[in-house]
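Here is what each chain is made of, one letter per residue.
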Amino acid sequence: MISTCLALAALLTAAPVQDAPERGPDTAEAGSIPVLGVLQLDAPTTGRSILRGTLPLPPGSYLPGVDSPYPLVLRMPNGSLVLPQVDVVARYAATSDGASVVRLLAPVEFGEESVPGDILRVQVLPGAAFDTEALLPGVPPVFGGASVLDEIQLTPKIEELILRANSLVGMVVDPFKNLYTGTLIGLGSDFGAIGAFELLDHGHVAIESKRYLTMTLSPNSANNEGEPLPHHFGVHVYTRAYAGFDFLTLDLRYSNGASDLDPNSTLDDALGDVYFRELNLVTPAGWKILSAYQDQTFGERVVLPSGLGVTPLASNPDNGKFHVLPLNGQLHRRLALVPDNDPQAEAEARAHLALEGYGIALGGGGPEAPQFSWTSELTPAFFPQLGRLPHLDHLGLDFVRDKVATKSAELLTNLANGTAAFPPLVSGAVGWAHPFGQKYGGITGGGGINLYDAISEVYAGSAAGLQYFQVLHRMKSDRQRNVIYNFNGQPPTVDERLVQGPNGPYFPGFFYMQPLPSHDPFNYDKASTLQVDYVLNNGLADAGALELPDFQAIDLQHLIRYTRAPKTLAWLTGDALSVDDVLAQSALVKLSYHKYPGTIGGSVQTTGMLDDINFTNAQPGKGFTYNRGDGWGLDTMASAYALGTPAWRTENREWFDDVVEIVRRGQATCSGFIQAQYGSKLLDGKYRGRQTYEGAIIDHALMGVMCSVYKNTGAPESDTLKDVLRKSLYALVDPFTWDEVRNAPHEQVAVGPLDETLPIYCSGPPADGLSLNSWDLYQSWSSFAYGFELTGDAVFLSRAEQMIGSTDLLGQLELGYLNNLENRAALMSLLQDM
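What counts, and where the lines are drawn
Residues numbered from 1 in each chain as written. Predicted model: local features only at pLDDT ≥ 70, side-chain atom pairs only at ≥ 80, totals over all residues. Heavy atoms only, no water. Helix = DSSP H or I, 4+ residues; strand = E, 2+ residues; numbered from the N terminus. Rg over C-alpha atoms; globule rule 2.2 N^0.38 Å. Buried < 20%, exposed > 50% of the residue type's maximum accessible area, 1.4 Å probe, protein only. Areas by Shrake-Rupley, 256 points an atom, 1.4 Å probe, with all protein chains shown as cover. Lys, Arg positive; Asp, Glu negative; His and termini not counted. Charge placed at Lys NZ, Arg CZ, Asp CG, Glu CD. Arc of directions from axis to C-beta. Contact = heavy atoms within 4.5 Å. Disulfide = S-S within 2.5 Å. Axes fitted to C-alpha atoms, helices over the stretch in contact; angles between N-to-C directions. Parallel < 35°, antiparallel > 145°, perpendicular 65-115°, else oblique. Left-handed = near helix turned anticlockwise from the far one by under 90°. Nonpolar A, V, L, I, M, F, W, Y, C, P; charged D, E, K, R; others polar. 1 Å grid on protein atoms, 1.4 Å probe; cavity = no way out; pocket = protein on both sides within 12 Å on 5 of 7 lines; lining within 4 Å. Points joined across faces, edges and corners; volume = space filled by probe spheres on them.

A. Quick peek at the overall build of the chain. Each helix and strand counted, the chain has 18 helices and 28 strands in total. Relative to the globule expectation of 28 Å for 834 residues, the C-alpha radius of gyration of the chain, 27 Å, shows essentially globular dimensions. Principal axes of the C-alpha set define a box for the chain whose edges measure 80 × 75 × 50 Å. A total of 834 residues make up the chain; the buried ones form 62% of that total. When the accessible surface of the chain is split by element, carbon and sulfur atoms take 52% of a total near 29,900 Å². For the chain, the separation between the mean place of its 54 positive charges and that of its 92 negative charges on side chains is 4 Å.

As structure tokens, this is what we get:
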């Protein structure tokens, strides 16, 4: 009956082997070896594919770099065994607990008995029960080659492609007809040299790399109609090659957020809005580009007399005007390179881009047949809260798969046609972009404000659900114009910008997910406007270019509306682009909330960490201004910590320690409220108060920090956070907050008087210190589960029964079908375990 990070689970290495056969590649008789997990997938349309999927693991079961690189074996539906490549996706807080989530990659053939439309299940078995070296496809078990390419058997076509000097070139033209280019793929002989670029994962199945480049003025540019920009877009390129397959996949992120960090170079100078006519990819002779998703501006390849191909990612507007990538904007594309006149390679690449071969870790099992899955109490590991997702057996697989498929198909169709739909997809295509949601970045309402996500998609176990989140991620990114990158492609940090002043270091600017006006440390206000003025003054901006800047980045108060998609893709697929998008947003959170003044004179940003440090030092134990924005920022940082490298964790651990101390010192001593802030709409501005739904978001974020930053580390912050959370969660069910008539917590509660020096309210709020006609019936459901698990006090379940109006709490939750499932997830999974 445990669904959060409080769970204890058996170790993979300790899984019992019953009547173990002699070790060997083909001796896994049914029932002789425990099934650790099952990956469910749709039967692919091609005879072979790359099986992909992520699997949650119990603490201590896999220590990367210590344990065997082959901890798992796959048993196919026909009984054959396959050795997967295992890559780390997320880690537990304690190094000794190892990986919490791994990604499995394996080339597989399902045979003629597999018919598209069938549901297939692949078993995951412990590698310790097999002679895994015998399952390797002719690759030495210990890699000692000079190049990572020695580890993998790539086809001659792919190896030649990636070793070529210029395999894929990006090309863009500005309004003055200046040409800018950048080599996206093609490092020559350096490709296989570790350190030549960032190698993400590599093994006997796949090699995945990332590089960043800045598009620069081409020597072939005519440059005869106006001054060029100091540089053009930055581009992140994520490339994957698979053993035995003749296609290369790549995910691209174009960005317009140069950070102006290097004073000795113009390659990272700040740019304003950047106008361009057409964004093209140049492929070598005999190769073409495929796109995972069709849209209105992905164009047909034109083959030049030289044999080179030119494919528009963002084709020229019909009226000959210009597109725009707004300042700090980004553009995502998921693509593949395939050889011409190779139907098999093209079919396999298209199936791969359509996410065929993706398996979802199914639930089920128990003491007799333990299974590691997103719905198993043995492996709660979803999101930084290390949650266990509820199963939907009460709805049935067919019902859920149909709902997931319909939702996904609708979104993909609207992207392909450039059309709008019912809210929240209120816009059609806007030039190259198709932004998701209202133009205002802080639109009110609970839509997309989800504590957990992808519950239906996980239960459905189909590629359609993953496609939905990929497209949602892309469409949200089209409008999330707040990204900033240094010249090396890394997000900026606070430390690299610090300036030493007479009173200590300070951060030269104010920042709230974006630079604040007149306090910009990135010099965007100094960017040349020559090309922008030319386009706008001559009416050369396309209609989409005029409208796109009106779509604001989703703000910090609602940041989960953006991060929900990359978080989901990170945990369910290990997608590197998504992981980096979480890390990029976490960098902005830290730039917004740090402990340094913003000027040489010591000015303090009122939304920053230093202001909270100063207030909680001066007025401890009275609550402080900590709201949903802080909660979603903290959740983003905790997600980054779970997904981040050990080096990233080391660099950012102190930030979490500071947050824990602020919350401990600031929490109201008698009521347990953390939030206590002024607002004209909060109790009519009469008191410093707390909003219950914001409290639920903060508690959820703190659970993520406790689980993914401190669990089992021995750090005192772990016990501190547990104590803070217990007090905060009791505040939800205390008569101070609870309305015994409405059987729900009041939405707004007075914590103390406006005069912060006066005592806070301990015996209850004033008569007019409650929202009499507003209760939280939406966000707080998982808090009941957290409270019960942290305290064992049945009052939390009793309050949940009161709120739902029945002692059959689980039955009533299940009768809600898919309604608000994402915010009820922790409570449902807890009850299902009980």
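Having seen the structure, we can now continue with the description.
B. Expanded view of helix α1 (residues 156–163). Those residues of α1 lying buried are I158, L161 and I162. The buried residues of α1 all sit within an arc of 90° when viewed along its axis, so they share a single face. Against β13 (234–242), β14 (248–255), β17 (287–291) and β21 (330–339) lie the buried residues of α1.

C. Here's a closer look at the state of the cysteines. In this structure the tally under the stated criterion is one disulfide. The residue that forms a disulfide with C670 is C762, at a sulfur-sulfur distance of 2.0 Å. One quick way to see it: the torsion about the S-S bond of C670 and C762 is about -80°, and its sign makes the bridge left-handed. In this pair, C670 is assigned in the loop between α12 (646–666) and β25 (687–691) and C762 in the loop between β28 (748–753) and α15 (781–791), connecting sequence segments 92 residues apart. The exposure class of C762 is partly exposed, given its relative accessible area of 45%.

D. Region of the structure containing the packing of helix α13 (residues 692–710) against helix α14 (residues 716–733). As a packed pair, α13 and α14 sit with axes 10 Å apart at the nearest point and diverge in direction by 160°. For the element pair α13 / α14, the angle class is roughly antiparallel. The element α13 and its partner α14 pack so that their crossing is left-handed. Where α13 abuts α14, its residues T692, D699, L702, M703, V705, M706 and Y710 lie against E717, S718, L721, K722, V724, L725, S728, L729 and L732. Of the residues contributing to the contact of α13 with α14, the split by class is ten nonpolar, three polar and three charged.

E. Inspection of the layout of surface pockets at higher detail. Considered as a void within the structure, the second largest pocket measures approximately 1,000 Å³ in volume. Along its surface, the second largest pocket is lined by 40 residues, and K407, P424, F436, Y468 and R564 are the ones closest to its centre. Top element by residues in the lining of the second largest pocket is helix α3 (residues 397–417). It accounts for seven residues. Of the residues that constitute the lining of the second largest pocket, the class distribution is 17 nonpolar, 13 polar and ten charged.

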